[in-house]
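# A structural walkthrough
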Amino acid sequence: MQPIPSDPYQQPTYGYAPADPAWLLAHAKFVIDQKAKLIELRNEYSIYDEHGNRIGSVMQVGQSLLTRIVRLLSRSDSLLGVKLEIREANGAVALLLHKPALRVTCTVARPNGTEIGRVAAKIRLGKARLALTDPAGNLVGEVRAENLRAWNFNVQDASGRLIARVDKKWAGARELFTTADKYRVELDPNLTDPLRSLVVASCLAIDTLLKQQN
């Protein structure tokens, strides 16, 4: 039996043990690299560790033919529904991310559908912010843009403690001709579930809620 830590965010919940070191969620540093496309009809990303090894991927699933046509003929990408699977290197699903159409909120869930929490864009002037909440709607953290262009972010827990950073890296010349983005993510290595999974998913929510403008 695992001891119960005094910090509520350190306590394992939903019956899940801490991630095995070989798993994607166990990494404290990684790079999310969006697949470069002249015309983006499906969101795809590769995830690498700090040494350049591919440790996972992200794939958009459940997209209808009508949705692809809308993406091809319009710039209404941010209004469409998005379902993403965050996968391990072996293809196993680690997390699910779902943004309903016409919403600015993403639900984060385990592979079996158990909700971990939500990531919601705050409607405000100035620097962008995303609220992280548990399934009951309680605030457990916040993603804060550090500049008006929303390229670099810091992630804080409910007490204001820094628990992660997300920095946009220039993707090279391809960025001039494609919609590809590249993010470097660094987590507090002591951060545990469920907050750890929610923070990892929020890195994808940044692109889904704030960046998609196709």
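What comes next concerns the included structure. (Residues numbered from 1 in each chain as written. Predicted model: local features only at pLDDT ≥ 70, side-chain atom pairs only at ≥ 80, totals over all residues. Heavy atoms only, no water.)

## Notes on the pairing of strand β12 (residues 182–187)
What counts is decided by this rule: Burial classes: relative accessible area under 20% of the type maximum marks a residue as buried, over 50% as exposed, and values in between as partly exposed (1.4 Å probe, protein chains only). The helix count covers DSSP runs of H or I at least four residues long, the strand count covers runs of E at least two residues long, and both are numbered beginning at the N terminus. Here a strand pair is declared whenever DSSP counts at least two bridges between the two strands.
Covered by surrounding structure in β12 are Tyr183, Val185 and Leu187 only, the residues Lys182, Arg184 and Glu186 on the alternate face being uncovered. Bridge count for strand β1 (residues 29–34) against β12 is five bridges, and the pairing is antiparallel. Residue pairing in the sheet places Phe30 in a bridge with Val185 of β12. In this sheet, β12 lies alongside strand β11 (residues 162–168) in antiparallel orientation, the contact comprising five bridges. Bridge pairing in β12 links Asp167 to Arg184.

## Things to note about the environment of Val104
Put simply, the rule is: We call two residues in contact whenever any of their non-hydrogen atoms come within 4.5 Å of each other.
With respect to the secondary-structure elements, Val104 resides in the loop between β5 (93–99) and β6 (105–109). Contact partners of Val104, with chain neighbours within four places excluded, come to Val119, Ala120, Ala121 and Leu209.

## Some points on the sheet that holds β6
Put simply, the test is: Angles shown run from 0 to 180 degrees and are taken between the N-to-C directions of axes, each axis being a line fitted to C-alpha atoms and, for helices, limited to the stretch in contact.
Taken together, twelve strands build a closed barrel; the order of strands is β1-β2-β3-β4-β5-β6-β7-β8-β9-β10-β11-β12 and the barrel is antiparallel. Within the sheet, the average angular offset between the axes of one strand and its neighbour, ignoring direction, is 20°.

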